[in-house]
Amino acid sequence: MERESAWKRYDEDQLAELEQLGASYIDFISENKTEREFAAAAIRSAEAAGYESLDNAIAAGRKLVSGDKVWATMRGKAVILVQLGARPLTEGMNILGAHIDSPRLDVKQNPLYESNDFAFLDTHYYGGIKHYQWVTIPLALHGVVAKKDGSVVDVKIGEDPEDPVFCVSDLLIHLANQQMGKKANEVVEGEALDILVGNRPLVVRNDEGEPEEQKEPVKAFALKLLNEKYGVEEEDFLSAELEVVPAGRARDLGFDRSMVLGYGQDDSVCAYTSLVAQLAVAGDELDRTGVCVLVDKEEIGSVGATGMASQFFENTIAEIMELAGEGGMLPLRRALAASAMLSSDVSAGLDPAYASVFEPKNSAYLGRGLVFNKYTGARGKSGSNDARAEYMARIRKIMDDAGVQFQTCELGKVDAGGGGTIAYIPAKYGMDVIDSGVAVLSMHSPWEATSKADIYEAERGYEAFLRA
């Protein structure tokens, strides 16, 4: 059952579509690296495609009917898009679910300090990372600073070519004998991932023009610059959410430009293709209601108000069913149980440089199409949603009927490690759920690699699923 490269099947028109999608994808993930940025961009795209705010529909008491399109957000970090289908909601929905958070460094609440004429921001890493991969690369600062007066200041430094960037320093090789003997997870400790933000001291002169002695002058100068540009004080860090991400745009990868190298493709590559698929069917009359769920916090367990484990998804569907004349707890439970979902998350692409941890017959290969993981988990499928055979058969038929190239895989060899997704959470409602996504090389590294062919097949597959 070996799958061939999807590239062998494309005609000139398909290649043009593939390249157009790849270019749009590169632009999107380059401009939207955090969950806040992704959610805001998704809402803008949805409104351009005719979606309206669910809050506005609720306030107006407007009845929702087949063909209506609404969006909802939770704290600006999670988004749900819904297009009502011809059939009653109680007969189920077709749902695409992906996460829009990615591994990164988060700035601590009391972060700014000076040491040996340098100014640093103290960080706490977010999600599963290899610490040593984050040293000596250009870093950017994204996020918001919420002030006591209720205003919120957007921050993005390091992406414009004229911007400065930041970095985590590393020990020079000439003095690294002891460091080089450490285990990989000890070479750079998490507490050492502080970003270098300044070296110039603030100079204050007295009436005679002589410089006065200053306490922590480098830190003071950094604060002066932040105040001049953003109007923030040091105390405002207490109510800030600042994320440190790799600086720079995603790029074409390879002589043949067949791949994409970029930050946060776990899980932006599935979130973006899910969004595009949901918007692509906006002009169609769907049979079953189509839903796209884009959530936060998957990388740390899907927790919190904006994660999949929150009540956001369930509450949003309940509100929509109420406006559609199908309100009530029992109809809601019936609708959720009758639904089908693709948990759109990435899978590990077989890397020949590390082939020993993969089982070739059951691995994902870049360029061979959309990936389905019947189960994930670790140590005997622990923590996994294991999709039933009947649902897998239904998915096969949908993909084959639409001419979508797909492959199936596991996340590496048995006992080599493992991982999980949001799939097990919506499965608690009784709905059919299977993991589906794009194969990635160097997953959870600052720069990840994907195939444009797989991105193309993912979008096509997601569209076919919504129309099924």
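Note: the structure precedes this text.
Rules of the game
Residues numbered from 1 in each chain as written. Predicted model: local features only at pLDDT ≥ 70, side-chain atom pairs only at ≥ 80, totals over all residues. Heavy atoms only, no water. Helix = DSSP H or I, 4+ residues; strand = E, 2+ residues; numbered from the N terminus. Rg over C-alpha atoms; globule rule 2.2 N^0.38 Å. Buried < 20%, exposed > 50% of the residue type's maximum accessible area, 1.4 Å probe, protein only. Contact = heavy atoms within 4.5 Å. Areas by Shrake-Rupley, 256 points an atom, 1.4 Å probe, with all protein chains shown as cover. Lys, Arg positive; Asp, Glu negative; His and termini not counted. Charge placed at Lys NZ, Arg CZ, Asp CG, Glu CD. Patch = residues over 30% accessible without salt bridge, like charges linked within 9 Å, V, L, I, M, F, W, Y side chains within 5 Å. Salt bridge = Lys/Arg side-chain N within 4 Å of Asp/Glu carboxyl O. 1 Å grid on protein atoms, 1.4 Å probe; cavity = no way out; pocket = protein on both sides within 12 Å on 5 of 7 lines; lining within 4 Å. Points joined across faces, edges and corners; volume = space filled by probe spheres on them. Nonpolar A, V, L, I, M, F, W, Y, C, P; charged D, E, K, R; others polar. Phe/Tyr/Trp six-rings, centres within 6.5 Å; stacked < 30°, edge-to-face > 60°.

Caption draft 1: Highlighting the overall build of the chain. Secondary structure assignment for the chain yields eleven helices and 22 strands. Its C-alpha radius of gyration of 24 Å places the chain within 12% of the 23 Å reference for a compact globule of 468 residues. Considering only C-alpha atoms, the chain reaches an extent of 80 × 60 × 45 Å along its principal axes. Per-residue burial for the chain yields a buried fraction of 51% across its 468 residues. Residue pairs at least 24 apart in sequence account for 76% of intrachain contacts in the chain once pairs closer than 6 positions are excluded. When the accessible surface of the chain is totalled, it reaches about 21500 Å², and 50% of it is carbon and sulfur. Between the centroid of the 47 positive side chains of the chain and the centroid of its 75 negative side chains there is a distance of 5 Å.

Caption draft 2: Quick look at a nonpolar patch on the surface. Taken together, the side chains of Leu 171, Leu 172 and Leu 175 define a hydrophobic patch exposed on the protein surface, amounting to about 280 Å² of accessible area. One can find Leu 175 in the loop between strand E8 (152-157) and helix H4 (177-180).

Caption draft 3: Structural detail: the pattern of salt bridges. Under the definition given, this model contains 33 salt bridges. In this structure, Glu 228 and Lys 224 form a salt bridge, with 2.6 Å as the shortest nitrogen-oxygen distance. Here Glu 228 and its partner Lys 224 are both found in helix H6 (residues 217-230), four residues apart, which amounts to about one turn of the helix. Of the charged contacts, one joins Asp 252 and Lys 452 as a salt bridge, the two residues approaching to 2.9 Å between their closest N and O atoms.

Caption draft 4: Quick peek at empty space enclosed by the protein. In this structure the tally under the stated criterion is one cavity of 30 Å³ or more. Taken as a whole, the largest cavity spans an internal volume of roughly 40 Å³. Residues belonging to the lining of the largest cavity are distributed by class as follows: three nonpolar, four polar and two charged.

Caption draft 5: Here's a closer look at the packing of aromatic side chains. This structure, assessed with the given rule, holds nine aromatic pairs. The interplanar angle of 85° and the centroid separation of 5.5 Å between the aromatic rings of Tyr 10 and Tyr 456 together place this pair among those described as edge-to-face. With a gap of 446 residues between them, Tyr 10 in the segment before helix H1 (12-31) and Tyr 456 in helix H11 (residues 452-467) connect regions that are remote in the sequence. The same class applies to Tyr 10 and to Tyr 456, which are both buried. Between Phe 313 and Tyr 429, the ring centres sit 6.2 Å apart and the planes meet at 50°, which makes this aromatic pair tilted. Separated by 116 residues along the polypeptide, Phe 313 in helix H8 (residues 312-323) and Tyr 429 in the loop between strand E19 (418-419) and strand E20 (432-437) bring together distant segments of the chain. Look at Tyr 429 and you get buried, because its relative accessible area is 14%.

Take it as geometry only, folks, not as evidence of what the structure does.
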